[in-house]
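Okay, here's what each chain looks like letter by letter:
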2 protein chains.
Amino acid sequence: MALGKDYAHQQCSIARALEVVGERWTLLVVRDAFYGVRRYNDFLVHLGVPRAVLAARLQALVEAGVLDKRRYQESPPRDEYVLTERGLALWPVLRSLGAWGRAEVPGAVPVRHFHHADCGTELGPYGECPLCRVPVPPADVEMRPGAGLDPDPADPVGRALLAPRRLLVPVGREDAPERGNS
Amino acid sequence: MALGKDYAHQQCSIARALEVVGERWTLLVVRDAFYGVRRYNDFLVHLGVPRAVLAARLQALVEAGVLDKRRYQESPPRDEYVLTERGLALWPVLRSLGAWGRAEVPGAVPVRHFHHADCGTELGPYGECPLCRVPVPPADVEMRPGAGLDPDPADPVGRALLAPRRLLVPVGREDAPERGNS
DNA sequence: AGGTTAGGTTCATTCACCGAACTGACGGGT
DNA sequence: ACCCGTCAGTTCGGTGAATGAACCTAACCT
């Protein structure tokens, strides 16, 4: 654990949160998980993170109970990483960070917009719907591309994320038929 | 810039935010600034961060417009670091991180409580007052110690933060007589 | 048999973090 | 005048983590 040594004696739940999600790349992995990325290789091409770092982060997030590693096929054994309840609870953190990055970092053009799927209203800075006045769970959030989004990303995951889509819906199978279960 | 190289080509305002506040110690420095810490040495003893790292983080935060470095006395030239508007806008990020750390990291006992100073109600996870139904700006937040707080911290800053206090009020001059003058 | 894909592991290099020591400007005591 | 202490850093050697490239395994495709 990189951060544990010195953060541990901090008397603060912020420090404890940062011990789990404060390392480089970790929050971007979680962000991609919200966007529907589930597989090692998809994280890899979309983030451009070194393979060893990605493996370490995924394992740490699984051990922290943020992601769940689940076998989705046996014949070539393949696992996917899915957000747990604890991971889904990080949605406000990502929302507030993204809102700050868009509003306060100079030269930031809106890259993605997040809307309440039920009513179409754009979410407020904490992920709440200003119209319905309720916090919107990530499963009810629709993501739409913004003006600052690269219209032709190099990686297939980036291309799949160009279209409007629900959060948490697995990426890469939009036009592929559902596997198996009804 | 440590993180800039690879985060830069990310199409995401979260990544842009993390380029500014995503490095180790950075968010804890900002947290302490909300708690009223303003001086180099106070950050140093309260965080236990290496001096070189602290100097680098403070400088980076000043360059990013999160902190303002201002001269508060001339005779021995002394500067203090105060949150700017842009820095104050990070309050929801710290709130959501702290709420997640308290709720989702196992074994976390509440360390500090945050109340709306106007009505005394404890804040919700996004820094809003559930009674008044308004987002509470940090200047109107009263911080109170919780059960998990070390009752006898080694550093004087930690001791000063034991008492209930407003956020953003400069720390370290509660009971200390003004040095020199008068 | 050979190639491809998914999901890693290993390795050498680079880079950031760490702790301790040093600097330098000032102020106070004797 | 001299020494000591404080504040705010900078410098420096050692350690550990991040990086990119190469390698490995297991299974499927042809």
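Structure shown above.
In this report, we go over the structure that sits alongside the text. (Residues numbered from 1 in each chain as written. Chains lettered and ligands numbered in written order. Predicted model: local features only at pLDDT ≥ 70, side-chain atom pairs only at ≥ 80, totals over all residues. Heavy atoms only, no water.)

Some thoughts on the side chain of D155 of chain A
Residue and element names in this part refer to chain A.
Here comes step 1: Within the secondary structure layout, D155 lies in the loop between β6 (141–145) and α8 (156–160).
Here comes step 2: Lacking a salt bridge, the buried D155 has R159 as its closest oppositely charged neighbour, with an N-O distance of 6.7 Å.
Here comes step 3: Polar contacts involving the side chain of D155 include one to the main-chain amide nitrogen of G158, which spans 2.7 Å.
Here comes step 4: Excluding residues that lie within four positions of it along the chain, D155 makes contacts with V45 and H46. (Helix = DSSP H or I, 4+ residues; strand = E, 2+ residues; numbered from the N terminus. Buried < 20%, exposed > 50% of the residue type's maximum accessible area, 1.4 Å probe, protein only. Lys, Arg positive; Asp, Glu negative; His and termini not counted. Salt bridge = Lys/Arg side-chain N within 4 Å of Asp/Glu carboxyl O. Polar contact = N/O pair within 3.5 Å; in protein donor to acceptor, adjacent residues only side chain to side chain. Contact = heavy atoms within 4.5 Å.)

Thoughts on the packing of helix α3 (residues 26–35) of chain A against helix α2 (residues 13–21) of chain B
Here comes step 1: Closest axis-to-axis distance for the α3 of chain A/α2 of chain B pair is 10 Å, and the angle between their directions is 170°. Considered as vectors, α3 of chain A and α2 of chain B are oriented roughly antiparallel to each other. Across the interface between the two elements, L27, L28 and R31 of chain A of α3 of chain A pack against I14, A15 and L18 of chain B of α2 of chain B. (Axes fitted to C-alpha atoms, helices over the stretch in contact; angles between N-to-C directions. Parallel < 35°, antiparallel > 145°, perpendicular 65-115°, else oblique.)

Structural notes on the protein's contact with DNA strand D
Here comes step 1: Close contacts around DNA strand D come from 19 residues, with R24, W25 and R57 of chain A together with R51 and Y81 of chain B the closest.
Here comes step 2: Within 4 Å of the protein, atoms of DNA strand D come from sugar and phosphate in 71% of cases.
Here comes step 3: Interatomic distance of 3.2 Å between a backbone N/O atom of N41 of chain B and a phosphate oxygen of DNA strand D.
Here comes step 4: Mapped by element, the contributors of at least two residues to the surface near DNA strand D are α5 (51–63) of chain A together with α4 (40–47), α5 (51–63), β1 (67–73) and β2 (78–83) of chain B.
Here comes step 5: Taken together, the residues that form the surface near DNA strand D break down as nine nonpolar, two polar and eight charged. (Near = heavy atom within 4 Å. Nonpolar A, V, L, I, M, F, W, Y, C, P; charged D, E, K, R; others polar.)

Remarks on the packing of helix α3 (residues 26–35) of chain B against helix α7 (residues 91–104) of chain B
Packed helix pairs are specified by the crossing angle of their axes together with the interaxial distance, meaning the distance between the axes.
Residue and element names in this part refer to chain B.
Here comes step 1: Interaxial distance between α3 and α7 falls to 11 Å at its minimum, and their mutual angle equals 105°. As summarised for this structure, α3 and α7 are arranged roughly perpendicular, according to the angle between their axes. Touching L27, V30, R31 and F34 of α3 are W91, L94 and L97, all from α7.
Here comes step 2: Class assignment for the residues of the contact of α3 with α7 results in six nonpolar, no polar and one charged.

Worth remembering: the numbers are spatial, not functional.
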